[in-house]
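Below, each chain spelled out in residue letters.
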Amino acid sequence: MFKIGDQVVHYKEGVCEVTNIGRLDIRCSDRKKEYYTLKPLYNTGGTLYMPVNGEEKQLRKVISQHEAKELIDDMPNIDVLDVSDEKRREVMYKEALFKNQCRSWVALMKTSYIRKMERIAVGKKVINVDDRYLNSAEKFLYGELAVALDMPKDKVREYIVDKMEP
């Protein structure tokens, strides 16, 4: 169970802060259940409500600074997604995105980026699906790494690139 003030990762919104825990006085809520009230860190306009006894995969603790650094060090070793069936590409991207796991986001980003570069190299247009999921995975990953590494979100990409250079 999380506490008020904890930073957690929501599978559709990214990093959120738990601002309240308790029953809701909202018509569509089950008045017998307790809910987390979540405030997304990077989408300041919204508020989310998640049952305290909700899906484990939908809400999890933000990775630690140590885990973030290990992830960045291991990025070159994370495999791309095996997308042999083009018709299933978007389904696989969506599954990777909603696993709510940093390694899955990295795999999605690598897959989409490589595909994008290959298409550009042969003079083809970039596919909207690739860009859309690449952007979503970057948003989630960079948001979580920013919190874990205690840095501004817009500095995370540069930090990763610096770590990757020999």
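About the criteria used
- Residues numbered from 1 in each chain as written.
- Predicted model: local features only at pLDDT ≥ 70, side-chain atom pairs only at ≥ 80, totals over all residues.
- Heavy atoms only, no water.
- Helix = DSSP H or I, 4+ residues; strand = E, 2+ residues; numbered from the N terminus.
- Buried < 20%, exposed > 50% of the residue type's maximum accessible area, 1.4 Å probe, protein only.
- Contact = heavy atoms within 4.5 Å.
- Areas by Shrake-Rupley, 256 points an atom, 1.4 Å probe, with all protein chains shown as cover.
- Lys, Arg positive; Asp, Glu negative; His and termini not counted.
- Charge placed at Lys NZ, Arg CZ, Asp CG, Glu CD.
- Core = buried A, V, L, I, M, F, W, Y, C linked by side-chain atoms within 4.5 Å.
- Axes fitted to C-alpha atoms, helices over the stretch in contact; angles between N-to-C directions.
- Parallel < 35°, antiparallel > 145°, perpendicular 65-115°, else oblique.

> Just to check I follow, could you spell out the overall build of the protein for this structure?
A tally of helices and strands in the protein yields five helices and five strands. Along its sequence from the N terminus, the protein presents helices and strands in the succession β-β-β-β-β-α-α-α-α-α. Counting only C-alpha atoms, the protein reaches 55 × 35 × 25 Å along its principal axes. The 166 residues of the protein split such that 40% are buried. Contacts spanning at least 24 positions in sequence make up 54% of the contacts within the protein whose residues lie at least 6 apart. Carbon together with sulfur atoms contributes 48% to the accessible area of the protein, which is approximately 10,300 Å² in total. Where the 30 positive side-chain charges of the protein centre and where its 28 negative ones centre are 6 Å apart.

> Would you mind going over the nonpolar core with me for this structure?
What tends to happen in soluble globular proteins is that the nonpolar side chains get buried as a cluster. Counting 33 residues, the largest nonpolar core has Leu71, Met75, Trp105, Leu141 and Leu145 as the members making the most contacts within it. Per-element accounting of this core gives the leading share, 12 residues, to helix H4 (residues 128–149). When residues no more than four places from it in sequence are discounted, the contact partners of tryptophan 105 are Val9, Arg60, Ala96, Leu97, Asn100, Ala137, Phe140, Leu141 and Glu144. Counting 10 residues, the second-largest nonpolar core is a separate cluster that includes Val18, Tyr36, Leu48 and Met50.

> Sorry if this is basic, but what is going on with the packing of H4 against helix H5 (residues 156–164) here?
A pair of packed helices is captured by two measures, namely the crossing angle of their axes and the spacing between those axes. Where H4 contacts H5, the axes come no closer than 9 Å and their chain directions differ by 80 degrees. Taken as axis vectors, H4 and H5 run roughly perpendicular relative to one another. Residues Glu138, Tyr142, Leu145, Ala146 and Leu149 of H4 lie in contact with H5, whose contacting residues are Val156, Arg157, Tyr159 and Ile160.

> Sorry, what's going on with the side chain of arginine 89 here?
Its location among the elements puts arginine 89 in helix H2 (residues 89–98). The exposure class of arginine 89 is buried, given its relative accessible area of 9%. In contact with arginine 89, not counting residues within four places along its chain, are Val83, Thr111, Arg115 and Asp130.

Limitation: the analysis is restricted to geometry and does not speak to function.
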